[in-house]
Amino acid sequence: LHVSKQRILSGSFNLLPSNLTEQERILHLSSIIPFDCPVMVCALGGLLDFLERRRIGVEVEDSSVGVPVLSLKKYVMTDIVDMDQDTFSVLQIFKREVHPSVYKMFSGGKEGFSLFGLLNQCQCKWGEKQMRLWFMRPTQNREELTSRLNVIEYFMAPQNQEVTGNLQRCLRSIMNIPPILKRMTFSNTKVSDWQALYKTVYNAICIGELCSSLPQSVTLFSRISSVFNSDLQYIASVISKVVDFEESLREKRFCIKPHVDPTVDDKKCRLQGLSDFLTKVARQELESLDVQIPSCSVIYIPLIGFLLCIQRLPIMQDRSDFEIEGLEFKFLSGNQLHYKSERTKELDTVLGDLHCEIKDHETMIMHQLQSLVLEKSAVLYDVTQYVGQLDALLAMAVTARENGYVRPHYTANNIINIKEGRHPLMVFCSGTFVSNPTMTQEKEKRIKILTGPNSCGKSVYLKQWVSSKRECLMISVIGRLQSLHKRLWEPERGR
């Protein structure tokens, strides 16, 4: 706690006026941060330490430059249902298992037979991440829950299966954008990054157009329609007009399309016609060589320039035999001798290092394109957020339609009324599952006593509608007491 307080008081907060004294700074921070709440102070101190270790926002700055904190906001988690790990385990919400592959046994596991594994039919990484976050932090905000259920109910309708399939096909092409944007910041992008970015933006535009045709009374649809705006179309248009993906894959570097830059077009045109021109030059060079040399060629090697290439003759054994009057010997590669002649030196001066010049010019254009994309990067982060929500809800809708789930209705009264309830996991473990009703009124039927032999379904019945650890323990205690009662009163034991 003491260390966290000191870290907060000495932190780099851009939200504070620069002319404050030390005492005024403490008073100002005390009006924003509740120092009488030790848990919040320790959490903020740990967060500041994390930011300083990761150097977020100042990665390339000097180590003396602190991470600037632009604002402080307090988040109250009153709508979050508090659940511990025992509850998650008992209700089988998550179940981590060792991966069956020997290559992934120690690097990571897989989701086992759990509620999350049943509902996880997400098509992209962000949907799975969002669904896991919802399960780990279940909300009790009725407006938020109603908004999610509206989306699920819409996609469960039989007449909407076609649009569901179209959206899921688009969601499969949504890639992991934040790492790509980070590599753009450091100018370390690859051809695959540009492909992934363009594919993501193109499919995000399709998702936005599909959602704009859906009922705008559903909150998620209206938000996606407004967020997936012209900025996405701008990014897609710029990338499609500039990047030549076919040539980029062939050359394994960033290449631009024709008519983007006249300088690059001129140099590429000269480079493409170089083969026929060098053949003509080689014929002229051969006329000035010794008659013992049957043939020669002129080649171009990046960074080295133009070279006259001659087949090694049998009489050329030592290095002294490589010397030819009027030619400057460079190196021997395989059975080919490489020389510099007056003509090749002239070509170096006139044509220059075309390949490297083209590469440097296209790299400069790539940096300009990266700047344009990063200016519009806010919409890409919004895409990942809303795509995750849409994908998670689509996965729930598909699972609900396949298994015959119905929409729950919430009430402000403390009442639970379930008709023909089924455990979502246990129905797959038994040949015949008997559905069970549950009725708990606000002032009546608040306590239930379940009796029956072991493995008769008491815990399964409880898990169908209870997420409270206390009630889970209650049902467990009742089961144990019943077993103990049976053992204590068996007549054959004389007790």
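Every chain is numbered independently, its residues counted from 1 as its sequence is written. Only residues with pLDDT of 70 or above have their local features reported here, since the model is predicted, and side-chain atom pairs are shown and tallied only from 80 upward, although totals for entire chains, interfaces and linings are computed over all residues. Excluding hydrogens and water, the side-chain values take into account all heavy atoms of the structure.

> Just checking my understanding: could you explain the overall build of the protein chain for this structure?
For the protein chain, the count of helices and strands is 20 helices and eight strands. Based on C-alpha atoms, the radius of gyration is set beside the globule rule, defined as 2.2 Å times the residue count to the power 0.38. The globule rule puts the C-alpha radius of gyration for 495 residues at 23 Å, and the 35 Å found for the protein chain is more than 25% above it. Viewed in the frame of its principal axes, the protein chain has a C-alpha envelope of about 120 × 70 × 55 Å. Here the term buried applies to any residue with accessible area under 20% of the maximum for its type, exposed to any over 50%, and partly exposed to those in between, with areas from a 1.4 Å probe on protein chains only. Taken over 495 residues, the protein chain has a buried fraction of 37%. What makes two residues a contact is simply this: any of their non-hydrogen atoms within 4.5 Å. Long-range pairs, those at least 24 residues apart, make up 61% of the contacts in the protein chain between residues at least 6 apart in sequence. All accessible-area figures derive from a Shrake-Rupley calculation using a 1.4 Å probe, and residue coverage is judged against the displayed protein chains alone. Carbon and sulfur atoms make up 53% of the accessible area of the protein chain, which amounts to about 30,200 Å² in all. Numbering of helices and strands starts at the N terminus; helices are DSSP runs of H or I of at least 4 residues and strands are runs of E of at least 2.

> Looking at this structure, how should I read the confidence of the model for the protein chain?
Any residue range with low pLDDT should be treated as having predicted coordinates unsuitable for detailed reading. Confidence of the predictor in every single residue is expressed as pLDDT, which spans 0 to 100. Across the protein chain, the average pLDDT comes to 83, with 91% of residues at or above 70. Note that residues 467-486 has pLDDT below 50 and, in this model, 24 contacts with residues that lie over four places away or in other chains. Low pLDDT (under 50) marks residues 491-495, which in the prediction has four contacts with non-local residues, meaning those over four places away or in another chain.

> Is there a simple way to explain helix α18 (residues 377-403) in this structure?
Every α-helix winds through 3.6 residues per turn, so residues three or four apart in the chain are directed the same way. Multiplying 1.5 Å by the helix residue count minus one yields the expected span of that helix. Relative to the 39 Å expected for 27 residues at 1.5 Å per residue, α18 spans 40 Å between its end C-alpha atoms, a close match to the ideal helical length. Trailing α18 by a residue or two, glycine 404 shows a phi angle of about 75°, which is positive.

> Would you explain the nonpolar core in this entry?
Generally speaking, nonpolar side chains in soluble globular proteins are found buried as a group. Among the buried residues, those of types Ala, Val, Leu, Ile, Met, Phe, Trp, Tyr and Cys that are joined through side-chain atoms within 4.5 Å form a nonpolar core. Ranked by internal contacts, the top residues of the largest apolar core, which has 70 residues, are Phe155, Trp194, Ile207, Phe228, Leu380 and Leu390. If you tally residues by element for this core, the top one is α18, at 12 residues. If near-sequence neighbours (up to four positions away) are discounted, phenylalanine 228 is found in contact with Ala204, Ile207, Gly208, Asp382, Val383, Tyr386 and Val387. One finds Leu308, Met316, Phe322 and Tyr339 within the second-largest nonpolar core, a separate group that totals 22 residues.

> So what exactly am I meant to see when it comes to the packing of helix α6 (residues 125-136) against α18 here?
Helix packing geometry: the angle between the two helix axes and the distance between the axes. Inter-axis angles, ranging from 0 to 180 degrees, are taken between N-to-C directions of lines fitted to C-alpha atoms, where helices are fitted over the stretch in contact. Contact geometry for α6 and α18: axes closest at 7 Å, N-to-C directions at 75°. When the axes of α6 and α18 are compared, the pair comes out roughly perpendicular. Residue-level contacts link Trp126, Gly127, Gln130, Met131, Trp134 and Phe135 of α6 to Thr384, Gln385, Gly388, Gln389, Asp391, Ala392, Leu393, Ala395 and Met396 of α18. Residue composition of the contact of α6 with α18, grouped by class: eight nonpolar, six polar and one charged. Each angle gets one of four labels, with under 35 degrees taken as roughly parallel, over 145 as roughly antiparallel, 65 to 115 as roughly perpendicular, and the rest as oblique. Residues are grouped as follows: Ala, Val, Leu, Ile, Met, Phe, Trp, Tyr, Cys and Pro are nonpolar; Asp, Glu, Lys and Arg are charged; every other residue, Gly included, is polar.

> For this particular structure, what's the right way to read the packing of aromatic side chains?
The description of two aromatic rings rests on the distance between their centres and on the angle between their planes. For Phe, Tyr and Trp, where Trp contributes only its six-membered ring, two rings pair if their centres lie within 6.5 Å, and the inter-plane angle classes them as stacked under 30 degrees, edge-to-face over 60, or tilted in between. Counting across every chain of the model gives 11 aromatic pairs. Each ring, one from tryptophan 194 and one from phenylalanine 254, has its centre 5.6 Å from the other, and the planes form 55°; the classification is tilted. Here tryptophan 194, found in helix α10 (residues 191-212), pairs with phenylalanine 254, found in the loop between α13 (245-251) and α14 (262-272); they are 60 residues apart in sequence, far enough to count as distant. Using a relative accessible area of 1% as the deciding quantity, one classes tryptophan 194 as buried. Ring centres of phenylalanine 329 and tyrosine 339 lie 5.5 Å apart, and the angle between their planes is 65°; this geometry places the pair in the edge-to-face category. One end of the pair, phenylalanine 329, is in strand β5 (residues 328-333); the other, tyrosine 339, is in strand β6 (residues 336-340), and 10 residues separate them in sequence. Residue tyrosine 339 is classed as buried on the basis of its relative accessible area of 0%. Members of the aromatic cluster, connected to one another through ring pairs, are Phe88, Phe94, Phe116 and Phe135.

> What's the story with a nonpolar patch on the surface in this structure? I'm lost.
Every patch collects residues that have over 30% relative accessible area and no salt bridge, joining them within 9 Å if they carry like charges and within 5 Å if they are nonpolar side chains (Val, Leu, Ile, Met, Phe, Trp, Tyr). Whenever Lys or Arg places a side-chain nitrogen within 4 Å of a carboxyl oxygen from Asp or Glu, that contact is recorded as a salt bridge. Together, Leu47, Phe50 and Ile56 line one region of the surface with nonpolar side chains, adding up to about 260 Å² of accessible area. When you line up the elements, leucine 47 lands in helix α3 (residues 38-54).

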